[in-house]
Structures are given as C-alpha cells and as structure tokens.
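Coordinate inspection notes
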Amino acid sequence: MAIVNRTPDSFHDRGRTFALEKATEAVARAAADGADWIDIGGVPFAPGPEVSAAEELDRVLPVVEAARGLAVVSVDTFRPEVAAEVIRAGAGVVNDTSGLRDPAMAEAVAGTGAQLVICHSLAAPRTEYPRPQYGDVTAEVAAFLREKVELALSRGVRPDQIIIDPGHDLNKNTHHSLELCRRLEEITGIGYPTLAALSNKDFIGETLDRPQRERLAGTLATVVFCVLRGARIMRVHDVKAATDAIRMTEAMLGWREPAYTRHNI
C-alpha cells in the first residue's frame, strides 16, 4: 500500500505531494513501482489545524480519480461523510485511523463493495495524547480491535470487508510499537487481514538513532519481520524497495516464483 498525502503537514512527506500535480505524479510512480493499493490522505492523524470535510474532499477526490484503474484506491479518513463520497468516486478502501471513533463510519461502508480498515488509536483525530500508558499493550490493542470489529459487524459491515491495523506509533511509544511487532501474531490471530503501517515511523528512528530521511533500511527490516508474523498489507512510502523486500521474502517462503531463472541453467 503506497502512501500519497495531499497535506502540507504530514510527518514524513512534509507537503512534498500537497500540490495536485505532485500528488498525481506520486500516484503514477507508486503504481509503476509495484503498489497494489494507493492510500490517499487529506488530513494527517497527528495534531494540527482544523481541516473541514469540504476541504478534505477537495484534496482527495482528484487524487482518487487519478488513481482509479492503476491500483486499489484507499482513502485515509476519519469522517463518515468523506468516506461515503470517496466510495461513490471509486475508492475501494476506507482507512479509518480513528478506530471507528464515530460509529457512523461503519454505516458509511456497510452495504458497499469497499473495505474498512479499523486501526487502534486512543486520541481523537488531530489531538494530543501525551505519555500513553498500557498494562499489556498487545493484549489491550487486540481487545480494542475485537470490540471495534463487533461494532462494525453490528452496523452492517460484512466480515469480508474488515481489515485490522494495530496502529504502530499511534498513541504509542517506541517500546509499545516494538512489542506490537514482536507479538504481532496475537493481532493477526484475531482472524482478519492485518495492515501494518510502519514506514519511517518514529519507533524506527528512535531504535536506530536515525532521522526521517535515513530510516529506509530499518523500515525494510520491520516490513519483512511483520510479514513473517502474518501482516498482509504493508503501508509504505518507498514502494519499490518495499516491494522487492516483500517479494524476496515471499520467494524464500515458497509463495512466489522467481521472475526468471537463468543462473546455472
């Protein structure tokens, strides 16, 4: 899953794809580099200024249009009204990093052909949540996801529409995110496809003492580690490198044939 943000304040992009032309170029590049899905965001999860639903739609709808036909189109939003509009425009996935804080999100997806990513987070969108505390982070994240899955099902979402995401770094410190990686099988064992959004995150930077632009190697190690523990959708910025790492892992596991075989043949 490639990341394309039409935002001026994303933690990694810092506005590099905020301009529509840059965003559509990023969509085409991601598809060419092997992205199966393209996740389009108009409002970051992190604290920041208010962005209205109308402005969010102005940001994301043209990019949805550009991505249609190139890959599965996902939109990262916490607003049910935005979800309903992007599904009508052709999005096949709604990525709700607020974890169904508004249960109407489930109703916006129910009865459609779209899928719903339910992500663990504690804070309301765009707000601070300082020094998050957990007794057992993995057990508490798993319990949250089970509860929200039941909520989605009760609002008419089909089981085959649901994807779960433990929300690495979202209201979690570095030790929490490392623990979630280590025990990811407890999340994948819930029984729904698991998305891991790991790319260039602070827990990688803090673990390796690397700034934003020097976290690719750490990201790739984390991606492979989580694939081996059952994650099946990897949300990344560097699509080409991540695709190579994942495909090589799949080949070693016997899940994928080599692209070609000439050596010693």
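Report follows, based on the coordinates.

Parameters and conventions
- Residues numbered from 1 in each chain as written.
- Predicted model: local features only at pLDDT ≥ 70, side-chain atom pairs only at ≥ 80, totals over all residues.
- Heavy atoms only, no water.
- Helix = DSSP H or I, 4+ residues; strand = E, 2+ residues; numbered from the N terminus.
- Buried < 20%, exposed > 50% of the residue type's maximum accessible area, 1.4 Å probe, protein only.
- Polar contact = N/O pair within 3.5 Å; in protein donor to acceptor, adjacent residues only side chain to side chain.
- Salt bridge = Lys/Arg side-chain N within 4 Å of Asp/Glu carboxyl O.
- Lys, Arg positive; Asp, Glu negative; His and termini not counted.
- Phe/Tyr/Trp six-rings, centres within 6.5 Å; stacked < 30°, edge-to-face > 60°.
- Lys NZ or Arg CZ within 6 Å of the ring centre and 35° of its normal.
- Pairing = 2+ DSSP bridges.
- Axes fitted to C-alpha atoms, helices over the stretch in contact; angles between N-to-C directions.
- Right-handed = clockwise from strand over helix to strand, strands pointing away.
- 1 Å grid on protein atoms, 1.4 Å probe; cavity = no way out; pocket = protein on both sides within 12 Å on 5 of 7 lines; lining within 4 Å.
- Points joined across faces, edges and corners; volume = space filled by probe spheres on them.
- Nonpolar A, V, L, I, M, F, W, Y, C, P; charged D, E, K, R; others polar.

Turning to its location among the elements, Ser52 is positioned in the loop between β2 (37-41) and α2 (53-67). Look at Ser52 and you get partly exposed, because its relative accessible area is 34%. For Ser52, the side chain forms a polar contact with the main-chain nitrogen of Glu55, separated by 3.0 Å.

On to the pattern of salt bridges. The final tally for this structure, using the stated rule, is 15 salt bridges. Two residues, Arg158 and Asp160, come together in a salt bridge whose shortest N-O distance is 3.1 Å. In this structure Asp160 comes out as exposed when scored by relative accessible area, which is 52%. Where Asp202 meets Arg215, a salt bridge forms, and the shortest distance between an N and an O atom there is 3.1 Å.

Topologically, Lys201 is positioned in the loop between β7 (195-197) and α8 (202-208). With no salt bridge to any partner, buried Lys201 finds its closest opposite charge in Asp169, at an N-O distance of 5.9 Å. For Lys201, the side chain forms a polar contact with the main-chain oxygen of Ala197, separated by 2.9 Å.

Taken as a whole, this structure holds zero aromatic pairs when the rule is applied. Sitting over the face of the ring of Phe225, Arg229 holds its NZ or CZ atom 3.7 Å from the ring centroid.

What follows covers the sheet that holds strand β6 (residues 162-165). Strand order in the open sheet formed by six strands is β1-β2-β3-β4-β5-β6, with parallel pairing between adjacent strands. The strands lining the two open edges of the sheet, one partner per strand, are β1 (2-5) and β6. The average angle at which neighbouring strand axes cross in this sheet is 25°, direction not considered.

As a further point, take the pairing of β2. Counting buried residues in β2 gives five out of five residues, a clear majority hidden from the surface. Across four bridges, β1 lies against β2 in parallel orientation. Directly across from Ala2, in β2, lies its bridge partner Ile38. Of the pairings in the sheet, the one linking β2 to strand β3 (residues 72-76) comprises five bridges and is parallel in character. When the bridges of β3 are listed, Ile38 appears paired with Val73. Following the chain from β2 across α2 to the adjacent parallel β3, one finds a crossover that is right-handed.

Across all of its chains, the model carries one cavity of 30 Å³ or more by this definition. Approximately 40 Å³ is the volume found for the largest cavity. For the largest cavity, the full set of lining residues is Val43, Pro44, Phe45, Glu56, Asp76, Thr77, Phe78 and Thr97. The class makeup of the residues in the lining of the largest cavity is four nonpolar, two polar and two charged.

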